[in-house]
Amino acid sequence: MGIFSKPRLKGSQAKNRDTVPNDLWTKCPDCGEMVHTLDLRQNHLVCPKCDHHFLMGAYDRLQLIADEGTFDETSVELISANPLGFDHYKEKVELLRSKTGLNDAVVTGRLEIGGYPVMAAVMDFKFFAGSMGSVVGEKITRAIERATLENRAVIIFSSSSGARMQEGMLSLMQMAKTCGALALHGEAGLPYISVFTHPTTGGVTASFATIGDINIAEPKCMIGFAGPRVIKETTHQDLPPGFQTAEFMVDHGLVDSIVHRREMRSKLTTMLSYLMDGKSK
Ligand SMILES: [Zn+2]
């Protein structure tokens, strides 16, 4: 190298890459529009062009629906064990805990919506694809039981790939456990509103998600048990257009209403005003 040649800055390219965050723009998977991430967040993670509802984290969702300053998280201490000794399960849970800041795939807690007392369980797809293991089932069951004791409505936002296979039968028994707690909550004369968000499938669809006093869904979210490919291969039949979407489920009676994310809080308040009439406010 000549004595007067300009020295090359080491790592300058890498530095440039770091100064432009990869997540400044987000491509809408539905219409292909590039949306500025700030605009997307201000629009409650809904595409401003086509209304596609992006996945939403549990805490963002709670912030969207709760009266300010009323959320009080419960069962924070519960963490998955590895009851079957499944290979690498413990490591995967630990990795997801550090990556997402969540302890498992659901956040539960007390809150008020429009002044009405509610116990909410909000699933988060980022954690293990929202799969339901013992911790998810136990947290939801404890939330429902607390709601019964404290005279609160239950609202569950579902987003799940189904039961967590790494916990085998212990995952499957959460289906009966959560539904049993909801039956006692219903006998106490308290309402349960189930909210489907994209995607709700497997053991969650086959248990608490479909037995709300009112079942509502975000637009175009997928609702099903098995995926469409599995059904097609099993039945050897072409599936109808729009199969397993929220809109299809409204037409066929499983879902009562589609609610846009921006209207979620006001619609829940209206429903609670009808269903919690005479209960403490
Ligand atoms: Zn879009």
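Residues numbered from 1 in each chain as written. Predicted model: local features only at pLDDT ≥ 70, side-chain atom pairs only at ≥ 80, totals over all residues. Heavy atoms only, no water.

Peer 1: An account of the coordination of the zinc ion is requested, with residue identities and associated values reported.
Peer 2: The protein atoms that coordinate the zinc ion are Cys-28 (SG), Cys-31 (SG), Cys-47 (SG) and Cys-50 (SG), at distances spanning 2.3 Å. Angles of 108 to 111 degrees at the metal separate the four donor atoms of the zinc ion, which places the site in the tetrahedral class. Look at where the donors of the zinc ion fall in the sequence and you get C-x2-C-x15-C-x2-C. (Donors = N, O, S within 2.8 Å, 3.2 Å for Na, K, Ca; no water. Tetrahedral: all angles 85-135°; square planar, octahedral: opposite > 155°, others 65-115°.)

Peer 1: Please give an account of the state of the cysteines that cites residues and values.
Peer 2: Evaluation of the coordinates by the stated rule reveals zero disulfides. Distance from the sulfur of Cys-221, which forms no disulfide, to the nearest cysteine sulfur (Cys-50) is 15 Å. (Disulfide = S-S within 2.5 Å.)

Peer 1: I'd like to hear about the pattern of salt bridges, residue by residue, with values.
Peer 2: Oppositely charged side chains can pair when the atoms bearing their charge come close. Here the structure, examined in full by the defined rule, presents 18 salt bridges. The salt bridge involving Asp-60 is made with Arg-41; its shortest N-O contact spans 3.2 Å. Highlighted residues: Asp-60 in helix H3 (residues 58-65) and Arg-41 in helix H2 (residues 37-42), separated in sequence by 19 residues. Asp-60 gets classed as partly exposed once you look at its relative accessible area, which sits at 25%. You can call Arg-41 partly exposed: its relative accessible area is 47%. In this structure, Asp-124 and Lys-126 form a salt bridge, with 3.4 Å as the shortest nitrogen-oxygen distance. Its relative accessible area of 3% is what places Asp-124 among the buried residues. Each of Asp-72, Arg-110, Glu-150 and Arg-152 takes part in a single network of salt bridges with overlapping partners. (Salt bridge = Lys/Arg side-chain N within 4 Å of Asp/Glu carboxyl O. Helix = DSSP H or I, 4+ residues; strand = E, 2+ residues; numbered from the N terminus. Buried < 20%, exposed > 50% of the residue type's maximum accessible area, 1.4 Å probe, protein only.)

Peer 1: Any details on the domain arrangement of the protein chain? Residues and values, ideally.
Peer 2: Taken as a whole, the protein chain is organised into domain 1 (18-54) and domain 2 (55-275). Between the C-alpha centres of domain 1 and domain 2 the distance comes to 25 Å. Taken together, the contacts link nine residues of domain 1 with ten residues of domain 2. A buried area of about 860 Å², summed over both sides, lies between domain 1 and domain 2, and 49% of it is on carbon and sulfur atoms. At the junction of domain 1 and domain 2, the tally comes to three salt bridges. Put simply, domain 1 and domain 2 have seven residue pairs in polar contact (both at pLDDT 80 or more) between them. In the side of domain 1 that touches domain 2, the residues fall into four nonpolar, two polar and three charged. (Domains from an automatic or database assignment. Contact = heavy atoms within 4.5 Å. Buried area = accessible area lost by both parts, 1.4 Å probe. Polar contact = N/O pair within 3.5 Å; in protein donor to acceptor, adjacent residues only side chain to side chain. Nonpolar A, V, L, I, M, F, W, Y, C, P; charged D, E, K, R; others polar.)

Peer 1: Any chance you could break down the packing of helix H5 (residues 134-149) against helix H6 (residues 168-187) for me, citing the residues and the numbers?
Peer 2: Each pair of packed helices can be summarised by the angle the axes make with each other and by the distance between the axes. Taken N-terminus to C-terminus, the directions of H5 and H6 make an angle of 10 degrees; their axes are 9 Å apart at the nearest point. Looking at the two axes, H5 sits roughly parallel to H6. On H6, the residues that touch Ser-134, Gly-137, Glu-138, Ile-140, Thr-141, Ile-144, Glu-145, Ala-147 and Thr-148 of H5 are Leu-170, Gln-174, Lys-177, Thr-178, Ala-181, Leu-182, Leu-184 and His-185. Of the residues contributing to the contact of H5 with H6, the split by class is seven nonpolar, seven polar and three charged. (Axes fitted to C-alpha atoms, helices over the stretch in contact; angles between N-to-C directions. Parallel < 35°, antiparallel > 145°, perpendicular 65-115°, else oblique.)

Peer 1: Could you give an account of the environment of Tyr-89, naming the residues involved and the relevant values?
Peer 2: Along the polypeptide, Tyr-89 turns up in helix H4 (residues 89-100). Every residue in contact with Tyr-89, bar those within four places of it in the chain, is listed here: Ser-80, Ala-81, Asn-82, Phe-128, Arg-164, Gln-166 and Glu-167.

Peer 1: Talk me through the nonpolar core; I want residue IDs and the actual numbers.
Peer 2: Formed by 58 residues in total, the largest nonpolar core has its most connected members in Ile-155, Phe-208, Ile-216, Leu-268 and Leu-272. When neighbours within four sequence positions are excluded, Leu-268 is seen to be in contact with Ile-65, Ile-113, Ile-155, Phe-157, Ile-193 and Ile-216. Membership of the second largest hydrophobic core comes to eight residues, among which are Val-35, Cys-47, Phe-54 and Leu-64. (Core = buried A, V, L, I, M, F, W, Y, C linked by side-chain atoms within 4.5 Å.)

Peer 1: Explain the environment of Thr-210 to me, using residue names and the numbers behind them.
Peer 2: Looking at where Thr-210 falls in the secondary structure, it is placed in the loop between helix H7 (202-205) and strand E8 (214-217). Along the chain, Thr-210 and Met-123 lie 87 residues apart, while their C-alpha atoms are 15 Å from each other. Those residues in contact with Thr-210 that lie beyond four places of it in its chain are Phe-196, Thr-205, Asn-215 and Leu-254. Polar side-chain contacts of Thr-210 include one of 3.3 Å to the backbone oxygen of Ser-207.

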